[in-house]
Amino acid sequence: MTAPLPGRLQSFWNEAAVTAPPRRLGDGERVDVAVVGGGLCGLTAALLLARAGRSVAVLEARRLGQQVTGHTTAKVTVQHGLIYADLMDTFGEAGARAYADANRAALDWIASAVRDRQIACDFERKPAFAYAERDDSLSRLERERDAARKLGLPVSLDRHTDLPFPVAAALRFDDQAQFHPIKYLNAILSELSERGCRLFEDTRVIDVDDGNTCRVTTETATLPAAEVIVATNLPILDRGGYFAKATPQRHIMLAARLAEGAPPLAGMYISVEAPSRSLRTATGAGGPLLIVVGEAFKPGRRDTAELTRSLEGWVTSRFAVRSVDYRWGNQDYFPIDRVPYVGRLLPNSRHVRIATGFQAWGMTNATAAAMMLADDILGRPNPWAETFRSTRIHVSAGGMRLLKENLDVAAHFVKGHTIGSAEGTPERLSPGDGGIVRVEGRAVAAYRDGDGRLHAVSPVCTHMGCHVHWNAAEQSWDCPCHGSRFDVDGKVLNGPTVRPLPPRA
Ligand code: FES
């Protein structure tokens, strides 16, 4: 039996309640703009459009704000690991500048919103550091410093941090920020409600038709809309092939209570060496909490229980912590060329737009994407839109990575269907365990709960047919191909799929 893992299986942020009064979608509604996906990107776009006088509806398959946005580190920063030197190589100085300017404008927009509406969301200005522990990483930091400096970003190389272990060097970006994402979203939801925006939870969109009037189809009703924004982490619409242009990456995260009297960190941190670690502190009820993010991995391809234990070991060996109180996972999509896709679903799409590929820097990238989408719908020029254009052709370096990623997906698809991964029968599963087992000659994704009851579903992902894998740390079925996830009863936790895993008797 798997040893118990530390802490509650819950995001620290999601302990704060979302305060929007949600409604159920019925027939007879009609709006100027339908936003599919109630995370930071969708809600910010909805707000910008509502402020411009558009009637807006937001349709969220689960709970507003509590999916990717509610599982983030909530760093509001233009420091995105080591990225600007790569962007200079791929997009040239103008493209790298557009990425920097878009994220800087997003940071400023969030800061202004917090100030103007006096949002109590623990917003704090702090420097963001990318640190190295080995001397041989120094040249990478220097290369990034030179690129960022050329773009006008507030960067310097430092050897001193308030981390409780030595670093060889740290790239410091001044005047960045962090906040509590749910408290911030509650202020956006409050203004959306004031402006008459219709907010629908538990409303899963299963298709969108483009046309003079778009039709947004949910499991229970259809919503006509003049314009549609799909902001669902990865688009739920397969047209456009974004599932093949952005790869899913998952992270295990912990929130640990610091020892009595320990001060919060003065900065936010991310390591540039493997295994990567991202750090910040947050305000907790009994003192500061240290939030730690582990290395990225592809869903369904690593032992998540082992990753969690390893991350907890790293935290407790490096920081004075009293307890690990929360653990959770988060997922985001990484574009082939490191710039999010924002704009039309297809080159000939008239009224359906998407945003995806925020590569785990979703607070600023999502806000910038919302600004671009709103500008496009309102007919306003946007200086960053061409760099982020969703239908851009991939440059050669990205093209090779794209090919490799898709061959990798194809290998998983074939493997799942040829040799399978079924091992033994359901009897081998202890309470709390899950795995692919054989039942009457068929592979079944089975989980035994704490009462000994078996939950059995099909192991075939309803997106495109890859076999799901057991995620022991988060008690879910994860698809290694494009990142769809399901709970133990087959309910969809993450797209791109919109259909549950069928039960197996
Ligand atoms: Fe695409 Fe599972 S997410 S096949």
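The structure this text deals with has already been given above.
Here's what I pulled together on the structure shown here. It should be emphasised that the depicted structure is a prediction, and the values quoted were computed from it without experimental measurement.

Of regular secondary structure, the protein possesses eight helices and 25 strands. For the protein, the C-alpha atoms occupy an extent of roughly 65 × 60 × 50 Å along the three principal directions. Per-residue burial for the protein yields a buried fraction of 60% across its 505 residues. Long-range pairs, those at least 24 residues apart, make up 71% of the contacts in the protein with a sequence separation of at least 6. If you sum the accessible surface of the protein, you get close to 19500 Å²; carbon and sulfur atoms cover 51% of it. In the protein, the 60 positive side-chain charges and the 57 negative ones have mean positions that sit 2 Å from each other.

Taking 1.5 Å of rise per residue, the 15 residues of helix H5 (residues 304-318) would be expected to cover 21 Å, and the 21 Å separating its terminal C-alpha atoms lies within 8% of that figure. Considered for burial, the residues of H5 that qualify are Thr304, Ala305, Leu307, Thr308, Leu311, Trp314 and Val315. Among the structural elements, strand E5 (124-132), strand E12 (246-258), strand E14 (278-284), strand E15 (287-293), strand E16 (321-335) and strand E22 (469-471) are those in contact with the buried residues of H5. Residue Asp303 occupies the N-cap position of H5, its side-chain oxygen lying 3.1 Å from the main-chain nitrogen of Ala305.

Relative to the 20 Å expected for 14 residues at 1.5 Å per residue, helix H4 (residues 181-194) spans 20 Å between its end C-alpha atoms, a close match to the ideal helical length. Looking at H4, one finds that the buried residues are Pro181, Ile182, Tyr184, Leu185, Asn186, Ala187, Ile188, Leu189, Glu191 and Leu192. Residues of H4 that are buried in the fold lie against helix H1 (40-51), helix H2 (84-116) and strand E8 (198-200). Backbone geometry just after H4 places Gly196 at a positive phi near 85°.

Next up on the list: the sheet that holds strand E23 (residues 476-478). Strand order across the open sheet formed by four strands is E22-E23-E24-E25, with antiparallel pairing between neighbours. A single partner strand is all that each edge strand has here, and the edge strands are E22 and strand E25 (492-494). Looking at chain direction, strand E24 (residues 485-486) and E25 are connected through two bridges and run antiparallel. In the strand pairing of E25, Phe486 is matched with Val492.

With that out of the way, let us pick up the packing of aromatic side chains. In the structure shown here, the tally under the stated rule is 14 aromatic pairs. Ring geometry for Phe165 against Phe319: centres 6.2 Å apart, planes inclined by 90°, an arrangement best described as edge-to-face. Pair noted here: Phe165 is in the loop between strand E6 (155-158) and strand E7 (169-178) and Phe319 is in the loop between H5 and E16, with a separation of 154 residues, a long-range link. Phe319 shares its class with Phe165; the two are buried. Chaining the aromatic ring pairs together yields one cluster made of Phe129, Tyr131, Phe165, Tyr269, Trp314 and Phe319. When the ring centre of Tyr341 is taken as origin, the NZ or CZ atom of Lys245, which lies over that ring, is 5.1 Å away. Positioned over the ring face of Phe165 is Arg318, at 4.5 Å from the centre of the ring.

Further remarks concern the side chain of Glu227. By the secondary structure assignment, Glu227 is in strand E11 (residues 222-230). With relative accessibility at 15%, the residue Glu227 sits in the buried group. Polar contacts involving the side chain of Glu227 include one to the side chain of Arg353, which spans 2.8 Å. Excluding its chain neighbours within four sequence positions, the residues that come into contact with Glu227 are Asp32, Val33, Ala34, Arg350, His351, Arg353 and Ile377.

What follows concerns the sheet that holds strand E21 (residues 454-457). Ordered in space as E19-E20-E21, the three strands form an open sheet in which the pairing is antiparallel. A strand with exactly one partner marks an edge of an open sheet, and here the two such strands are strand E19 (434-439) and E21. Ignoring strand direction, the axes of neighbouring strands in this sheet form an average angle of 40°. Pairing analysis gives six bridges linking E19 to strand E20 (residues 442-448), with the strands arranged antiparallel. Along E20, the bridge assignment pairs Gly435 with Ala446.

Evaluation of the coordinates by the stated rule reveals five cavities of 30 Å³ or more. Of the voids in this model, the second largest cavity is the one considered here, and its volume is about 40 Å³. Around the second largest cavity, the lining residues are Leu47, Arg51, Trp109, Ala113, Arg117, Ile119, Ala187, Ile188 and Glu191. When residues of the lining of the second largest cavity are traced back to their parent elements, those giving at least two are H1, H2 and H4. With three residues, H4 is the largest single contributor of residues to the lining of the second largest cavity. Here the lining of the second largest cavity is built from residues that sort into six nonpolar, no polar and three charged.

Cut-offs and rules
- Residues numbered from 1 in each chain as written.
- Predicted model: local features only at pLDDT ≥ 70, side-chain atom pairs only at ≥ 80, totals over all residues.
- Heavy atoms only, no water.
- Helix = DSSP H or I, 4+ residues; strand = E, 2+ residues; numbered from the N terminus.
- Buried < 20%, exposed > 50% of the residue type's maximum accessible area, 1.4 Å probe, protein only.
- Contact = heavy atoms within 4.5 Å.
- Areas by Shrake-Rupley, 256 points an atom, 1.4 Å probe, with all protein chains shown as cover.
- Lys, Arg positive; Asp, Glu negative; His and termini not counted.
- Charge placed at Lys NZ, Arg CZ, Asp CG, Glu CD.
- Expected span 1.5 Å × (residues − 1).
- Polar contact = N/O pair within 3.5 Å; in protein donor to acceptor, adjacent residues only side chain to side chain.
- Pairing = 2+ DSSP bridges.
- Phe/Tyr/Trp six-rings, centres within 6.5 Å; stacked < 30°, edge-to-face > 60°.
- Lys NZ or Arg CZ within 6 Å of the ring centre and 35° of its normal.
- Axes fitted to C-alpha atoms, helices over the stretch in contact; angles between N-to-C directions.
- 1 Å grid on protein atoms, 1.4 Å probe; cavity = no way out; pocket = protein on both sides within 12 Å on 5 of 7 lines; lining within 4 Å.
- Points joined across faces, edges and corners; volume = space filled by probe spheres on them.
- Nonpolar A, V, L, I, M, F, W, Y, C, P; charged D, E, K, R; others polar.

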